[in-house]
Amino acid sequence: MILVVLAVCCGASAQRGAGPAAPANFVKIDAPVIALAHARVVDGTGAPPRENQTILIRNGTITGIGETVRDIPSEATVVDLAGKTVLPGFVMVHEHLYYPTGAAIYGQLGESFTRLYLAGGVTTMRTGGNTNGVMDLNLKRQIDAGLRAGPSIDATAPYLNGPSSTLQMHTLKDADDARRQVGYWAEMGATSFKAYMQITRAELAAAIAEVHKRRLKITGHLCSVTYAEAADLGIDDLEHGFLAATDFVADKKPDDCPAQGAGQRTIAALDETGEPFKALVRNLVDKHVALTSTMTVFETLTPGRPMPPGLDVLLPELKQQFEQNYARTAQNRESIYKTLLPKGMALERAFARAGGLLIAGTDPTGGGGVIPGYSNQRQLELLVEEGFTPVEAIMIGTFNGATYLGRDSQVGSIVVGKQADLVIVAGDPSKTIADVRNVETVFKKGVGYDPQKLIESVRGRVGLW
Ligand SMILES: [Zn+2]
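Help me understand the sheet that holds strand 10 (residues 122–127), please; the structure alone is not making it clear to me.
Within a sheet, adjacent strands bond to each other through the backbone by hydrogen bonds, running parallel or antiparallel. Strand order in the open sheet formed by three strands is 7-10-11, with parallel pairing between adjacent strands. Where the open sheet ends on each side, the last strands, each with one partner, are strand 7 (90–95) and strand 11 (152–154). Ignoring strand direction, the axes of neighbouring strands in this sheet form an average angle of 20°. This element, helix 11 (residues 374–385), spans strand 7 and strand 10 of the sheet and lies at about 100° to strand 7.

Encoded structure:
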């Protein structure tokens, strides 16, 4: 491989935080003491919004909240937020640093995606499987070291999968190989794992044991293994709500992924009040298996839905490619997604109402059109369409994600003592969830970033890097 280094190498640019991705390029507010005054606060815990609050931030930590906060020092930078709402930074858990660029190949877009996620309000994210090997891990380290702007990343290893047609995935040989892969990638720095559609029960069982031995977590986008089987084996989380479940396929063979349509037809016909589904939900809730909602990616496959937000940041060729897919989808009157999307929403809602931990992500894959940052805001809107209140949707996209990741003592809600990861939006998303699109500033560890600067730094080139 010939590496062409375009940036000036190794002099000033090698210093901490220099170069085009450096946090300093995107900072709007940075001061040791900041008082956010007269704000409406939706704190992420599901509590009703509180009006006219002041949030005091010292050295990146929330040190006071209330109608009157004592001890605001004279040197504090005061920001008047009348008419605005402060939310916790989003904690989203089915994110990726790659995107479909054509011919079943995924372009590695970590450089632009990390900036877009932060611009959209995401301050913590789990990547839900990687197709690159080390990029997610390196980005995580560089962001943590303050060399780059971006969310804090729970970095997932390359997928654990059986034989598939995907060029960018390893094929597990057997359960021993699953153990080896987990050991290797955990050593490399991965803090999370993802099982995929063609894994066997034996490989999944081996992977779960190795992952849990290291006190890490493993999720799955499953097919060959049913949700009930995976729950019995001890998986921590299942992806795509119930839309990937093959539990209800009558003639399903063990360890075999039935044709995609077969599973989807059973889900589209499933009764969310019937005993078979309720028994599965009870099993998942009893075993503390979380469920990740990714309605954004399914929406792009469903006819009659609005054009997704954020397409303008794409490379023109990729934008055009998605617009063609969108037109094709619109003409597909027979599409199963017309039933599957609302059914998937009803099933997820039933899981959450039964006491299950519902978490949220966006999955920027499929046929394209799921654009980081913009899609995280869209995911919150879709949770409201699903039947949650705006305050509940915000909790699912913040506190629930942090709870799943085990980071809820540091992030996920607006509480004294937690890290100042905050999203400031114009308007009142507790009434009108679409106001989450009006992001004005994103605080991460008390540093306020300008979403426009982050977006402009990648506009029109998302697809190249
Ligand atoms: Zn995914």
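Next comes the rest of the write-up.
Explain the side chain of Lys418 to me, please; I cannot follow it from the model alone.
Structurally, Lys418 is set in the loop between helix 12 (390–405) and strand 17 (422–426). Side-chain polar atoms of Lys418 contact the side chain of Ser413, separated by 2.7 Å. With near-sequence residues (within four places) excluded, Lys418 lies in contact with Thr61, Ile62, Phe399, Asp408, Ser409, Gln410, Val411, Gly412 and Ser413.

Which parts of the structure should I look at to understand the coordination of the zinc ion?
Angles at a metal have ideal values that depend on geometry: 109.5 degrees with four tetrahedral donors, 90 or 180 degrees with six octahedral donors. The zinc ion binds to the protein through His94 (NE2), His96 (NE2) and Asp363 (OD); the donor distances cover 2.0 to 2.7 Å. For the zinc ion, all donor residues lie on one chain, and their spacing in sequence is H-x1-H-x266-D.

I tried to follow the nonpolar core on my own but got confused; where do I start?
For soluble globular proteins, nonpolar side chains are generally found buried alongside one another. Phe193, Leu204, Tyr227, Leu238, Phe242 and Leu284 are the most contacted members of the largest nonpolar core, which has 99 residues in total. A per-element tally of this core places helix 10 (residues 337–353) first, with six residues. If you look at the next biggest cluster of nonpolar residues, it comprises 17 residues, including Ile62, Val79, Leu81 and Phe443.

Just to check I follow, could you spell out the packing of aromatic side chains for this structure?
In this description, a pair of aromatic rings is defined by centroid distance and the angle of the planes. Summed over the entire model, instances satisfying the criterion amount to ten aromatic pairs. With centroids separated by 5.0 Å and ring planes inclined at 70°, the aromatic side chains of Tyr159 and Tyr196 adopt a geometry described as edge-to-face. Residue Tyr159 is found in the loop between strand 11 and helix 3 (175–188), and its partner Tyr196 is found in the loop between strand 12 (192–195) and helix 4 (201–213); the two are separated by 37 residues along the sequence. Here the two residues Tyr159 and Tyr196 agree in accessibility, since each one is buried. Pairwise contacts between aromatic rings join Tyr227, Phe242, Phe277 and Phe351 into one cluster. The ring of Tyr404 carries Lys217 above its face, with NZ or CZ at 4.6 Å from the centroid.

How do you make sense of the environment of Arg353 when you look at a structure like this?
One can find Arg353 in helix 10. Taking the C-alpha atoms as reference points, Arg353 and Phe388, 35 residues apart in sequence, are found 9.9 Å from one another.

Help me understand the pattern of salt bridges, please; the structure alone is not making it clear to me.
Where charged atoms of side chains with opposite charge meet at close range, the side chains can pair. In the structure shown here, the tally under the stated rule is 28 salt bridges. Two residues, Arg126 and Glu239, come together in a salt bridge whose shortest N-O distance is 2.8 Å. Residue Arg126 is found in strand 10, and its partner Glu239 is found in the loop between strand 14 (237–238) and helix 6 (260–268); the two are separated by 113 residues along the sequence. Both residues of the pair, Arg126 and Glu239, count as buried. One network of salt bridges, in which partners are shared, links Glu299, Arg305, Arg378, Glu381, Glu385 and Arg437.

Just checking my understanding: could you explain the state of the cysteines for this structure?
One covalent bond between the sulfur atoms of two cysteine residues makes up a disulfide. Applying the stated criterion across every chain, the model contains one disulfide. The disulfide partner of Cys223 is Cys257, and the S-S distance across this bridge is 2.1 Å. Across the S-S bond linking Cys223 and Cys257, the dihedral sits near 85°, which makes this disulfide right-handed. Within this pair, whereas Cys223 is found in the loop between strand 13 (217–220) and helix 5 (227–233), its partner Cys257 is found in the loop between strand 14 and helix 6, the two being separated by 34 residues in sequence. We classify Cys223 as buried; its relative accessible area is 6%.

Just checking my understanding: could you explain the environment of Ala186 for this structure?
Within the secondary structure, Ala186 sits in helix 3. Overall, the relative accessible area of 17% leaves Ala186 in the buried class. Taking the C-alpha atoms as reference points, Ala186 and Arg214, separated by 28 residues in sequence, lie 8.1 Å from one another. In this view, Ala186 contacts Phe193, Arg214 and Leu216; residues no more than four positions away in its chain are not counted.

Sorry, what's going on with the sheet that holds strand 15 (residues 290–293) here?
What the five strands build is an open sheet, ordered 12-13-14-15-16; its pairing is parallel. Looking at strand neighbours, the two that pair on one side only are strand 12 and strand 16 (358–360), the edges of this open sheet. Judged from the four bridges that link them, strand 12 and strand 13 form a sheet pairing that is parallel. Within the sheet, the bridge partner assigned to Lys194 lies in strand 13 and is Thr219. Each of strand 12 and strand 13 is contacted by helix 4, which is oriented at about 150° to strand 13, the strand it contacts most. Of the strands in this sheet, strand 13, strand 14, strand 15 and strand 16 touch helix 12, which is tilted by about 110° from strand 16.

Help me understand helix 10, please; the structure alone is not making it clear to me.
Along an α-helix, residues three or four apart share an orientation, since each turn contains 3.6 residues. Taking 1.5 Å of rise per residue, 17 residues should cover 24 Å, and helix 10 covers 23 Å from first to last C-alpha, within 8% of that figure. Those residues of helix 10 that fall on the buried side of the exposure criterion are Tyr337, Leu340, Leu341, Lys343, Gly344, Met345, Ala346, Leu347, Glu348 and Phe351. The inward-facing, buried residues of helix 10 contact helix 6, helix 7 (275–286), strand 15, helix 8 (295–299), strand 16 and helix 11. Count one or two residues on from helix 10 and you reach Gly355, which has phi positive near 100°.

Cut-offs applied
Residues numbered from 1 in each chain as written. Predicted model: local features only at pLDDT ≥ 70, side-chain atom pairs only at ≥ 80, totals over all residues. Heavy atoms only, no water. Pairing = 2+ DSSP bridges. Helix = DSSP H or I, 4+ residues; strand = E, 2+ residues; numbered from the N terminus. Axes fitted to C-alpha atoms, helices over the stretch in contact; angles between N-to-C directions. Contact = heavy atoms within 4.5 Å. Polar contact = N/O pair within 3.5 Å; in protein donor to acceptor, adjacent residues only side chain to side chain. Donors = N, O, S within 2.8 Å, 3.2 Å for Na, K, Ca; no water. Core = buried A, V, L, I, M, F, W, Y, C linked by side-chain atoms within 4.5 Å. Buried < 20%, exposed > 50% of the residue type's maximum accessible area, 1.4 Å probe, protein only. Phe/Tyr/Trp six-rings, centres within 6.5 Å; stacked < 30°, edge-to-face > 60°. Lys NZ or Arg CZ within 6 Å of the ring centre and 35° of its normal. Salt bridge = Lys/Arg side-chain N within 4 Å of Asp/Glu carboxyl O. Disulfide = S-S within 2.5 Å. Expected span 1.5 Å × (residues − 1).

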